[in-house]
Every structure is written in structure tokens, then in C-alpha cells.
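Working through the structure, step by step
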Amino acid sequence: MAYIIEMLNITKDFPGIRANDNITLQVEEHSIHALLGENGAGKSTLMSILFGLYQPDAGKIRIKGKDVRVTDPNVATRLGIGMVHQHFKLVHNFTVTENIILGMEPRKGPIIDIRAAEQKVEAISKLYGLAVDPRAKIEDISVGMQQRVEILKMLYRDAEMLIFDEPTAVLTPQEIHELMHIMRRLVEEGKTILLITHKLKEIKEVADICTVLRRGKVVGTVKVADASEEQMAEMMVGREVSFHVAKGPAQPKEVMLRIENLNVKNNKGVLGVKNLSLEVRKGEVLGLCGIDGNGQTELVQALTGLTRIESGKIFVGDTDITPLSIKARTDLGLGHIPEDRQKHGLVLDFTLSENFVIHNYYEKPYAHWGILNPKAIRENADRLIREFDVRSGQGGDTPARSMSGGNQQKAIVAREIDRSPKVLVVAQPTRGLDVGAIEYIHKRIIAERDNDKAILLVSLELDEILDVSDRIAVIFNGEIVGIVNAKETDENELGLMMAGSLRKNVPPARQSETSASVQGRNA
Amino acid sequence: MKATLILEMFPIALMFASPIIIAALGGLFSERSGIVNIALEGIMMVGGFAAASVTVLLEPSTPLAPWIGLLVGIAAGIAMSLLHAFASINLKANQVISGTALNILAGGVTIYLSQIIFHQQRTRSFSNGIQKMTVPGLSKIPLLGKMFFIENYPTFYIAVALVLITWFLVYKTPFGLRMRSCGEHPQAAASMGINVAGMRYIGVLASGALAGLAGGVMVLTADIQYTIMSIHGTGFIALASLVFGRWNPFGVLAAGLFFGFSTALSFYAKDITFLAKLPSEFFYMLPYIFTIVALIFFAGKSVGPKAAGEIYDSGKR
Amino acid sequence: MTKRTEKVLMPLIAVFLGFLLGSIIVISTGRSPVSMFSAMIRAVTGIDLVNGMSFNPRYIGEFIIQSMPIILTGLAFAFASRTGLFSIGAEGQLMVGSLAATAVSLLVVAPAAVHVPLVLLAALLAGALWGGIPGLLKARFNVHEVVVTIMMNYIAFHLNNFTILNVFGSVDRVKTAFFPQSALLKDPMLESLTNGSRLNWGFVPVILALLAFSFIINKTTFGYSLRAVGYNKEAARYAGMKVNRNIILSMMIAGAFAGLAGAVITNGTFNFGRALPASEGYGFDGIAVALVGANEASGILFAGLLFGMLKAAQPLMQSQGIPKEIVGIIQASIVLFVAMQYGIKMILDKLASKKNASAEGGQE
């Protein structure tokens, strides 16, 4: 069998760490080859070497049987290697065509021949079933479409080998399904695909061969058809993995968070949350799932006071918090673990100690008469570090920036849980974390539930929603389209609701004019 | 009566507008490529000084002295902007700080060299700067001819030509597409094999050339010599025009004309009854006040290049 | 390299490179760097190294008064900077500060014990108000403060000239009438102590301002929230801090420092309000001071004295045949080198790691 890509005995060192240790990867032509590993296993480094972003310290690369030196991405492009980056590299106010032709523009004299370009983009798009409008602006199209533009960029440059770097992280289940279809189509048309992922399900669905990396080394290469998900997971993690979070049955008590007929505008000025009502009880986790951009962000921001609402009411216990500031809501017992920990959860240039008191730095014992008490702040940090097992180089004095993602998230979880809020709003708590950290954070969320807290878990990861929640609410287009018990549902049902094609147990809207009209439409 | 006054204002308004437009186009190139350039003022000073000095020195030997002066002004502007490019592209300097440094430097260098060359705090005065001209033929067009083609400085036509050239380059050519991509999303540009640093060098050096030219144009039309006051904030007005014109060449043209007229108005105010009572300082303030109002008006709509001012690190993916 | 040593070392390297470059320019234009440096030494110590070691304390007095306003404008830039704002507005805030000082000096009749504090307060408030406007626009409309503060500088400049010339009726189209003695920071005792320099009590508000800066930023909860906003506005907002209020307050306090500088100049260095042909660049000096001083009070004190020394040495240089504008060149290049410190650091790190690598290679 002919190998189109061969990376032989690749070793790459970074200060203090051997990211790739004698890795050999051989990819057959016209196949989908998966590269599986946890965060930090060395997948990205290996692909960066193949794509010319890094140079290996040892080992060699062969493309189509010929030894090559990939000194920079342009060399990779010339060799027919293309990369679909995890974070799209698209210019938001350019059109689809402009993004695709950038750097290889067809010309008429000195002028870009935009019409010829559009025709070519359309033709390639048709050939691979991508269905992209070449004249649309990037900022106006969905994330799934944007990813197709990324793929088109490679195809426009006649790439034969396509590297997909965690391509499904930002996609909805339906989009993932379509992407898998596109990938198979690409292989049929003669391309070869390298799929980097840590999601076993995808590998099982689409890949032919899977190479597993752990801590910079190859654990093994298996035929996907012959290996079970459990086997591959064990190879990846190095021990048996329990896919399910251990938890007892929930014991829900009285309603702690009540949302009534909430309307919130999104940043484009239209309603992102429409007449939404929801209740979360003490002692339960309510999971909110939905395709990204269906109103989750607006809902969370409205709950925490970060954005103004159009109408409706939010109660914590019996208190109407709608007129209250962010601060007042926090003081009343609303905790928030934000979606983007680095942008919203932490001040990265503050030390860990300083980050721990970000809500109550002005209160005793951390301050007195407006003057800070560094000793009390440090003692608080020492305690939280101990209790929550936050790993940091210099204890409380560690700059938050220098900590790993998992420990940053642990620090936020520690801070929010320590305040013992009555209601905890948790958004995307495990995005980008490794299995160990995910397990820990899930355990903590369950422990808080058992501690009689009301928890609203917002996540794009269906597995997480299914594992951690007691009840699941599905949001579509700003509305709740279904509420189900976690034990009585599955991915298919949720997927249908998320796509708006199924409604189930929609809560009755409360007394208001708008609610009547919504009900009328539902009926 | 009033109509003739407005017509009379045209040559002087266009004289003031020309350097504003040219320098603002410079700012456009720089910011579109992703580098903020608040050193337009300083570069104009250096360009103006160079142009004036060369004019003074060559005047006895050639009638082309002012035009050679402009070319040298362009070269001096490029040299000055090279510093900004090196600091902000290679050494990842904060672009506003680097620009501030250049503005301080310009005041120092020009007067320092004046003292060395002319032994005084300013250049010697030149006897002829750039001369006004009447365009044959076009000047016969009713109204328009009087407004734009009789007794005007040719520098205005240069400015308009540059607006057209800039528009063509930025919006129609592969070069423009690539440059704009560097100002919006340099990582995307780099991933497509575009040399981000190279494009930004071109953007910044173009801004140096244009601001240098603008400085020369300004001194050789509106002044008789270069002094520390010759540019008096015109570079910042150019910056304002860039914002006011929403980073678009035609917008810049309109904004530059607007500010040119508001400057001219301060000279003619005493002849206009309802404006005569206002102090001249009021008119000096106008462009700055208008800019702030415009900024408030555009608030919330992101119109500038997204990555302008950000330090681009090729290691960051 | 630890963060602390880096914070001290990088500005020092920049200062060294700035002086080096200045010397090269002086040499290449046929002048002597020795007379340049002896002028600087004389400006600080009052001792003339070149001509028979004569001592004149007047130079020391002049050196101190040159340092005072730029320390204040340095504090102004640094304070806004700590809240993540890039304010170029100290120049204009200083101008309205001096205008307010002029107004209170001329219009209020009071004993010195009341008049002087009133003058300082008025300047401080005027500066705060002028700084508050871009702060408000930033907070309310998210308008970028760099452009607004530049525009505000020019508005303040023309406003100052207009008021001095038309409202206070300048005698000679340049300055107002002399202020009453009760409004002045001047003191014959200080002047005679320094052989007739313009040294005045202005250094007292300067020292108080330095202490206030350090205390607010480092010790108070308000300072904590300002720094949080400066590092990460969004995280501060998520934590419930009043980000917009902090932005406005920070710009106002920054403006207050600069406004105070205006009073120190009009009522200390001079004793009349002035119409100006062009702005005097105190605001830009302040940016240089704050950058070299790494936005810390102690650093700003030293950097302010450094640049004050350069300014004080200007007339001495001119009399030695060195164009005094060399000071602007040196100052600009120091700022440029400070701005480049990230790049310089990268180069140093690269050299260091190469050295380490070769050392490791040797061991194997």
C-alpha cells in the first residue's frame, strides 16, 4: 500500500518538554487517517511540523515517497498539503471569494478578475457538494459555512492532503454530520485526509485508520473497524475511562431560579431570547442545550446582568433581580462560571490571589476603609488552592496567565463555589480541557447540586449535557422548544429539538400579551 | 456678494485641503495594512523641512527647485517612516508610543538641522514656492472652472489624482486585497502565504512618502519658509480626516475638503457679517470639535481596520 | 530575567541607547559630546566642570522647576495607562489647568493661605473636567481616547489663547496682567537660596501627587478595580465592577494631575497667564516620563528628574554651540527605545537561549 505522507521518527523539544518523541505516522493515499490524543499529547505540534510551522529536531518527512523539508507553510502548500485550522483564518468583511483567492488572485491586467474567481469557487463548491455562496460576506454566514470556506481555500489551491484540526469543536450535530459527509466525498474525489480530534465518536463514524498519541509518543495505530471506542479511549488516556459521571438521583426542592417571559435583544439588535420561561430547582442541574448562537449567550448575560433585557422577569428565590446590577445579583447569591475563562473569568495579569477576591476585594477581611489587606487576600488564596487542588507554580503569587487551562478553570470554579451561591450559572465549563480536568469539574458541579444549589448548565457538548444534567431544556432560535428528563432522552431526540423540528413539554408561558401570541402559534 | 466670496475662498480652501488629503491617504495606507500611524504630523514636519531646505538651496540654480524639494520631502518622509516601521513591525513596539516618539523627534531634528544648516531656528525663506496655475480650457467651464481651475495650486490636482490612484490600488488590485487582509486579520493573510511584515512595510513607507509629500506641499504653498509652526497640527487633522472619511479614499477627499474650507473660513469670517463676531480661535477649533462629534456619531460601528494597532506575532496562531 | 529586574533594566537600557544616539548625532554634526554632557552635569549640580569648577545653585533651582510639571503630566499619563487607557490629553488638561489658575488668581481676592490652595484646586478641577470628557465619551460611546484626547489638546490650546487674549485682556497680545502676590507659589527665600532661580513651592503639590498616585494604585480597593479594568475590562465587568465609572474617574484623576501642572507653571514658574504660539510639549514630555518610569510613582520621579535635567541643560548647550533641539532628539529616541523594549527583550532572550543551548551542548 502506498503511503502519501510519511513522518518518520519525528522528535521535537520545547523548553522543558519533549512534545514529540520519536513519532512515526504513515498515511495511506485516499484514506481518512485520524490522529487521536488528549490536549497536550502532541497532535498539534506534529501537524505544525508537517505544515511547516515548526522544524523537527530529529526525523524526516516523506511526501509521495520523496524526502522533503517543509520549511514554511508555503512549501507545504506547494507540496499539496492544506490545513483547515481550528480557529478559522477568515477576514470577516471580505466575501467568500475574496477570502479564497487571497494570495492567488486571478487577474485581468492589473485588476483582480473577480468574476472568473467567483465562477471557479462556485465550480469547486459544486464538485464537492459544499453549497457556498461565493458573494456572501463572511460575517453574514454561519460557522458551518465558514468552515466550508476554509476547506474551499485548500481545494482552490489544489491541495491533495487536507489536515482537519479539531474541525467539529465549533459545529452543531447536524453540521458535524454534514462535515463527515463532505470528508467522505473529498476522499472519493481522490483527496487524503488527516483528522486531528479527541472525539472518539467521530473517528468511529468517518476514519479508516487511527493513530493514538499520548504524552508525545505513539501508543499505537489501529484499524478503526477493528477497535471499539472503549479500546481507543483507553489507549488515549492510559487507563480505563468511565464515560459516565457517577451521581446519585437528584432531590429537587423548591424553585430557586425562575425566568418569566424573558425577551433579550442580541448584539444585532433583534430578539435573541424570545419570551422565554424556565425554572431551576434547588438540588438539580438543568442542562440547557442548543446549537451555538440560538440565544444561550444572551440568556446567560441577561441572568447575570451583563446585558439589558427588553421585558420579562428573573427571580432568585422570591427576589425579582431584573432591576439589580451585576454586583447586586452576585451579592444576592448568583454565581457565574463564564464561557470564556480567559476573557471573562480571569484577569490574566493579576495573580491567583488577586483573582480569587475579584468579587469581594472591597469587603472585610480583604479590605478595611477602602484599603487592601494583602495578608488576608493571600490566606484566602492558600485555602482555595488547597481545597480545590489548583496547581500553580508559586501558589497565590502565580500570575494567572502562566497557569494551564485546566487549572485556570479550577480556579474560577473554586472562586464561584466558595462564595456558596444559591444559583450557579455554568457556561461551557469544560471546553478545551483534558479528560482529567473534565472529570474533576463535573464532579464538583454534581457535589454542588447535592449541596442543594440550583444549577443551570449551558453547554454545546451534548455528552456533557446528558451526563451531568437531571433535566434538559432545549433552546432553538431564542425559545425553549422542549424540556425532558435526562434519563428519558437521547442524542437523536435532542438533536431534532435543537434543529427546531420537534417540540416537547414546552412550558406554558405566563400571563402576558406576547405569551398569548406565542402559544397561539405553537397550537 | 456672498457667492463671489465663496468662489474667492476656493483657491485658499483647496490649498489647505491638499496637504490634509495627501497625508490622510498616507494614514489610510498605513492603517489598512494594520499599523496605526499617529506620526503623520511629525513626518509632515520632516517632509516640509526637507522640501523647504532643498528649495532654498537649489533656487538659484534651477526653476524646478520646489518640485525637486517635494521629491526630497517624499524621501525624507520615507526615511522617517522607516523608523516607525522597524519599531512597530520588527520590534513589536506599541504603535501609538512609537508614533508619539516620532512626533517629538521631528520637532527636534528639523530645528536641530536648521541650526546646523542655516544657523537659525528655521530655514531661510524661499522666494518662490509652488506657483498657482490656471488650467487652459477647463477654466472656461462655467462655475466649475472658477471653482477648481483658475489660479489654483497644482498640488490640489496631485491630491485628487492620489485619491483615485489609492482607490484603484486598494480596492481593485491583488495588492490592495492583500494589504487590507493584513489590516483586518494578519493571521489569515499569513496562512495564505502573504508576507504580512512586507505588506505592512509597504503600507507604512507609503504613509511616509505621502505625509512627506504633504508636508512639502504645505510649506511650499502656504508658507515662505519652514518653522516649527509650519505644520501646526495639520497631521492630526489628516488623522481626523481619515476617521471622518471612514478609512475610504473618497471619504478622505470629502473630509479633507471640509476641513480645508473650515480653515479658509477663519480667514474670510471677518467679511461675512454673521460670522464676523466670532473669534478666529473658534474657527481653529472647528475641525477638532467636528471630529469628536463625528466619532460619537460613528460610535459602535466598527469602521476602521480591525487589526490596526495590534501587535502581530507570527507565532500566535 | 525576573519581571522586576526587567522592569528596571529595560528603561535603563533605553536611556543609555538614547544618550548614545544623541552623542553620535552631536559628533556627526561636528559638535562635541563633552560639552553636551558637561552642560547636563552643570544643570543638575550647578558645577561647571569645563570652566574652573565654579558653582552656581541657580542651575539646581531651574533643574527642579523643569522637572515639576513633567512629573505631574507623567503621573497623568501613567494613571490613565494603569486603567488601560492611552491618554495623550495631558497637554490640553494642563492648558485648561493653567487657564483656571489664571482665572482664580486674577478674579479672586484672598489671603495667600486661602488663595494658593484655591488656585491649585481650580486647576485640578479644570484638568479633571477636561480629562473627564474623553473618559465620558469612551465610557458612553466607546470612542477611542487617543483621537479624542489629541483633538481636545487643540481645542484647549485655542480656548486658552482666546480666553487670555479676549477675556483677560492681555496687555501685549502675549500675557495677562501680573497675578497678586497672594496667588503665587513663589517665595523670595527659595529664590535667594538658589541664587535667583525660579524655584518655588510647586514641588510640594508634586510630592503630594506622587504619594497620592502610589497610594491609590497600590493600596486601595479603588486602585485594585482600576488595575482590573486596565488589564481586562471584560473580566472586571463580569465581576460586577463599574467599568465605565472607573474609566471616567481614571481619566478625571489623570486630568487632575495634569491640571495641577498648569497651576505649578503659571503660578510658580511665571506669575501671569500666557497666550502661546504653539503648545509647549509638557504633555508629550509626560508620556516619555511615564514610559521610562514604567508607570510607577518611583520610576516617574526619576524619569521626571532625568528629563527635567535635559530641559534645564538646553540653554547651557545652546551657549556651547550645540543646538538645544538635541534634547528633543534624545528624548524621542529614549521613548522609541522604550517602545521597542518587547523586541529588544526578544533579542536578548534569543541570545540567552542560544548561549544556554550551546552550554548544554557542551555538557553532552
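Residues numbered from 1 in each chain as written. Chains lettered and ligands numbered in written order. Predicted model: local features only at pLDDT ≥ 70, side-chain atom pairs only at ≥ 80, totals over all residues. Heavy atoms only, no water.

**Quick word on the overall build of chain C**
To be explicit about the condition: By the criteria applied, helices consist of DSSP H or I runs no shorter than four residues and strands consist of E runs no shorter than two, each listed in order from the N terminus. Just to be clear, the radius of gyration here is over C-alpha atoms, and the globule rule we use is 2.2 Å times residues to the power 0.38. Three exposure classes are used, based on accessible area relative to the maximum for each residue type with a 1.4 Å probe and protein chains only: buried under 20%, partly exposed in between, and exposed over 50%. Residues are treated as being in contact if the distance between any of their heavy atoms lies within 4.5 Å. Note that accessible areas follow from Shrake-Rupley with a 1.4 Å probe, and for residues the cover is restricted to the protein chains shown. For the charge count, each Lys or Arg is scored as positive and each Asp or Glu as negative, with His and the chain ends excluded. Charge coordinates come from a single atom per side chain, which is NZ of Lys, CZ of Arg, CG of Asp or CD of Glu.
Helix and strand counts for chain C come out as 15 helices and zero strands. Over its C-alpha trace chain C gives a radius of gyration of 22 Å, about what one expects of a compact globule, namely 21 Å for 364 residues. For chain C, the C-alpha atoms occupy an extent of roughly 85 × 65 × 30 Å along the three principal directions. Classification of the 364 residues of chain C by burial places 60% in the buried group. Counting contacts in chain C only where the partners sit at least 6 residues apart, residues at least 24 apart contribute 76% of the total. In the form shown here, chain C has an accessible surface area of approximately 14,400 Å², with 67% of it arising from carbon and sulfur atoms. Separation of charge centres in chain C, based on 26 positive and 16 negative side chains, amounts to 6 Å.

**Describing the nonpolar core**
The cut-off we apply is this: Grouping buried Ala, Val, Leu, Ile, Met, Phe, Trp, Tyr and Cys residues that are joined through side-chain atoms within 4.5 Å yields what is termed a nonpolar core. Domain ranges listed in this record stem from an automatic or a database domain assignment.
Formed by 267 residues in total, the largest nonpolar core has its most connected members in F164 of chain A together with I326 of chain C. There are two domains that each give this core at least three residues, and those are domain 1 (3–237) and domain 3 (346–420) of chain A. The residues touching F164 of chain A, leaving out its near neighbours within four places in the chain, are V84, I151, L179, M183, L186, I193, L194, L195 and I196 of chain A.

**Points about the interface of chain B and chain C**
Here is the rule: When two parts are put together, the accessible area they lose, computed with a 1.4 Å probe and summed over both, is reported as buried area. Salt bridge criterion: a side-chain nitrogen from Lys or Arg within 4 Å of a carboxyl oxygen from Asp or Glu. Any pair of nitrogen or oxygen atoms within 3.5 Å is treated as a polar contact; in protein, a donor-acceptor pairing is required on top of that, and neighbouring residues in sequence qualify only through side-chain atoms on both sides. Nonpolar residues are Ala, Val, Leu, Ile, Met, Phe, Trp, Tyr, Cys and Pro. Charged residues are Asp, Glu, Lys and Arg, and all others, Gly as well, are polar.
Listed per partner, the contact involves 45 residues of chain B and 45 residues of chain C. Between chain B and chain C, roughly 3,900 Å² of surface is buried when both sides are summed, and carbon and sulfur atoms account for 83% of that area. The interface formed by chain B and chain C contains zero salt bridges. Taken together, the links from chain B to chain C amount to four residue pairs in polar contact (both at pLDDT 80 or more). Those elements giving two or more residues to the side of chain B that touches chain C turn out to be α3 (65–90), α4 (95–118), α10 (234–244) and α13 (280–298) of chain B. Residues that form the side of chain B that touches chain C fall into these classes: 29 nonpolar, twelve polar and four charged.

**Focus: the pattern of salt bridges**
Within this structure, the stated rule accounts for 38 salt bridges over all chains. Residues joined by salt bridges that share partners form a network here, namely K247, R449, D450 and D470 of chain A.

**With respect to the confidence of the model for chain C**
Residue and element names in this part refer to chain C. The criterion, for reference: Each residue carries a pLDDT score, the predictor's own confidence in it, on a scale running from 0 to 100.
With 96% of its residues at a pLDDT of at least 70, chain C reaches an overall mean of 89. For residues 360–364, every residue scores under 50 in pLDDT, and the model assigns this stretch zero contacts once sequence neighbours within four places are set aside. Prediction confidence for the complex, expressed as pTM and ipTM, is 0.85 and 0.87 respectively.

**Digging into the pairing of strand β23 (residues 471–476) of chain A**
Residues and elements named next belong to chain A. To keep it simple, the criterion reads: Two strands form a pair only when DSSP identifies at least two bridges running between them.
As paired elements, strand β15 (residues 284–289) and β23 share four bridges and run parallel to each other. Bridging from a neighbouring strand, L286 pairs with R471 of β23. Here β23 pairs with strand β24 (residues 479–485) via six bridges, running antiparallel. Bridging across to β24, R471 finds its partner in N485. Linking β23 back to β24 in an antiparallel pair, the connection comprises two residues, with N477 at a positive phi of about 55°.

**A few points about the environment of W247 of chain B**
Residue and element names in this part refer to chain B. The residue W247 is located in the loop between α10 and α11 (249–268) in this model. Taking the relative accessible area as the measure of exposure, W247 reaches 10% and is therefore buried. A C-alpha to C-alpha distance of 8.6 Å links W247 and L25, two positions 222 residues apart in sequence.

**Re helix α6 (residues 173–188) of chain A**
All names here are of chain A. Threshold: A helix's residues, less one, multiplied by 1.5 Å, set its expected span. It is the directions from the helix axis to the C-beta atoms that the arc portrays.
The terminal C-alpha atoms of α6, which comprises 16 residues, lie 23 Å apart, in line with the 22 Å expected from a rise of 1.5 Å per residue. E175, I176, L179, M180, I182, M183, L186 and V187 are the residues of α6 that are buried. Seen from one end, α6 has its buried residues packed into an arc of 165°, which puts them on one side. Turned more than 90 degrees from where α6 packs its buried face, H177, H181 and E188 sit exposed. Of the surrounding elements, those touching the buried residues of α6 are β3 (32–36), α5 (143–156), β9 (161–165), β10 (192–197) and α7 (200–206).

**Brief notes about the interface of chain A and chain B**
Tallying the contact residues gives 26 residues for chain A and 19 residues for chain B. Of the roughly 2,000 Å² buried between chain A and chain B on both sides combined, carbon and sulfur atoms contribute 64%. Taken together, chain A and chain B are joined by one salt bridge. When the shortest N-O distance is used, the salt bridge between R178 of chain B and E105 of chain A registers 2.5 Å.

**What to know about unusual backbone geometry**
The omega torsion of the bond from K364 of chain A to P365 of chain A falls at 0°, within 30 degrees of zero and hence cis. Here P365 of chain A shows up in the loop between α12 (352–356) and β19 (367–368). Although it is not a glycine, E151 of chain B sits at a positive phi angle of roughly 50°. In this structure, E151 of chain B sits in the loop between α5 (144–149) and α6 (154–172). One non-glycine residue, N142 of chain C, adopts positive backbone phi at about 55°. Tracing the backbone shows N142 of chain C in the loop between α5 (112–141) and α6 (145–167).

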